[in-house]
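In case you want the letters, here they are:
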Amino acid sequence: MKSLSRHLLRSTLAALLLATAALTATAQDFKVGFVNTDRVLRDSAAAQAAQTKLRQEFSRREGEIDTLGTQLRTASEAFQREAPTLSETQRATRQRQLVELERDFQRRRTAFQEDLNLRRNEELQQVIERANRVIRQIAEAERFDLIIQEAVYIHPRHDITDKVIAGLNSAPAR
């Protein structure tokens, strides 16, 4: 009985040591990478090209809105200066005109912001899709088991952001 118990204990211990060794070997083979998405969207040529494209696409409308805002401010200041000398009818007419100008300005500015945000999201989505393809290529080529894009802390040796930016910059746009 004592021999059987000792044999069982040795077998259990050996199995436990083998399992621990196997887990250690597996953990050493597990390769993790990290990509800082904010840096990719800020520093890559594709993201900068998207920003330039948006600026060109929306600069005219932004200028028009700025001009309308200046007109509104000028008209409001003129009304404030001239209000004491205007008749009641003239004052009411100018106030209505100012209110209409203010509404038009707010409507245009809101529409501009909505259109700009929609286009920005479309452009950034394209950059993200291209970056994800580059990340997959790097992961496959370098045999990563896991690539993380959001983390509280990551050791710099796991950061592959520069490789992703370089791959994105060298990859042709689709």
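Let me begin by describing the structure that accompanies this report. (Residues numbered from 1 in each chain as written. Predicted model: local features only at pLDDT ≥ 70, side-chain atom pairs only at ≥ 80, totals over all residues. Heavy atoms only, no water.)

**Details of the nonpolar core**
For the record, the criterion: Only buried residues count toward a nonpolar core, which is a set of Ala, Val, Leu, Ile, Met, Phe, Trp, Tyr and Cys residues joined through side-chain atoms within 4.5 Å. Here's how the labels work: a residue is buried when its accessible area is under 20% of the maximum for its type, exposed when over 50%, partly exposed in between, all with a 1.4 Å probe on protein chains only. Secondary structure is summarised from DSSP: a helix means a run of H or I of at least four residues, a strand means a run of E of at least two, and numbering begins at the N terminus for each. By definition, residues are in contact when any of their heavy atoms lie within 4.5 Å.
Ranked by size, the top nonpolar core spans 16 residues in total, and within it V35, V40, V127, I138, I160, V164 and L168 carry the most contacts. If you list the elements that add at least two residues to this core, you get α3 (45–82), α4 (88–142) and α5 (161–170). The dominant element in this core, judged by the number of residues it contributes, is α4, at six residues. Those residues in contact with I160 that sit more than four places away from it in its chain are F34, V35, I138, F144 and I147. Membership of the second largest hydrophobic core comes to 12 residues, among which are L54, L68, L98 and F112.

**What about the packing of α4 against α5?**
Pairs of packed helices are described in terms of their axes, by the angle between the two and the distance that separates them. Let me state the cut-off plainly: Only the stretch in contact is used when a helix axis is fitted, and all axes are lines through C-alpha atoms; the angle between N-to-C directions ranges over 0 to 180 degrees. The handedness criterion is simple: a crossing whose near helix is rotated anticlockwise from the far helix by less than a right angle is left-handed, and one whose near helix is rotated clockwise is right-handed. Ten residues, namely Ala, Val, Leu, Ile, Met, Phe, Trp, Tyr, Cys and Pro, are considered nonpolar, four, namely Asp, Glu, Lys and Arg, are considered charged, and the remaining ones, Gly among them, are considered polar.
One can describe the packing of α4 onto α5 by two numbers: an axis separation of 9 Å at closest approach and a directional angle of 115 degrees. Judged by the sense of rotation from one axis to the other, the crossing of α4 with α5 is right-handed. Residues V127, R130, A131, V134, I135, I138 and E142 of α4 form the contact with α5, whose own contacting residues are K163, V164, G167 and L168. A per-class count over the contact of α4 with α5 returns seven nonpolar, one polar and three charged.

**With respect to the packing of aromatic side chains**
This is how it is decided: Each Phe, Tyr or Trp ring (for Trp, its six-membered ring) is paired with any other whose centre lies within 6.5 Å, and the angle between the two planes then decides the class: stacked below 30 degrees, edge-to-face above 60, tilted in between. Note on geometry: a ring has a charge over it if NZ (lysine) or CZ (arginine) is within 6 Å of the ring centre and within 35 degrees of the ring normal.
Going through the model one piece at a time under the given rule, you end up with one aromatic pair. Ring geometry for F58 versus F112: centroids 5.8 Å apart, planes at 75 degrees, classification edge-to-face. In this pair, F58 sits in helix α3 while F112 sits in helix α4, placing the two residues 54 residues apart along the sequence. Taking the relative accessible area as the measure of exposure, F58 reaches 6% and is therefore buried. Here F112 falls in the buried class, since its relative accessible area comes to 5%. Lying over the aromatic face of F144, K31 brings its terminal NZ or CZ to 4.6 Å of the ring centre.

**Notes on the pattern of salt bridges**
Heads up, the rule is: By convention in these notes, a salt bridge is any Lys or Arg side-chain nitrogen within 4 Å of a carboxyl oxygen on Asp or Glu.
For the structure shown, the criterion picks out 14 salt bridges. Across the salt bridge formed by D115 and R61, the nearest N and O atoms sit 2.8 Å from each other. One end of the pair, D115, is in helix α4; the other, R61, is in helix α3, with 54 residues separating them in the sequence. The class of D115 is partly exposed, set by a relative accessible area of 33%. Between E123 and R119 there is a salt bridge, and its shortest N-O distance comes to 2.8 Å. You can see E123 and its partner R119 sitting in helix α4, four residues apart, about one turn around the helix. In this structure, E123 and R119 share a single accessibility class: buried. Each of K53, E57, R119, E122 and E123 takes part in salt bridges that share partners, so that together they form one network.

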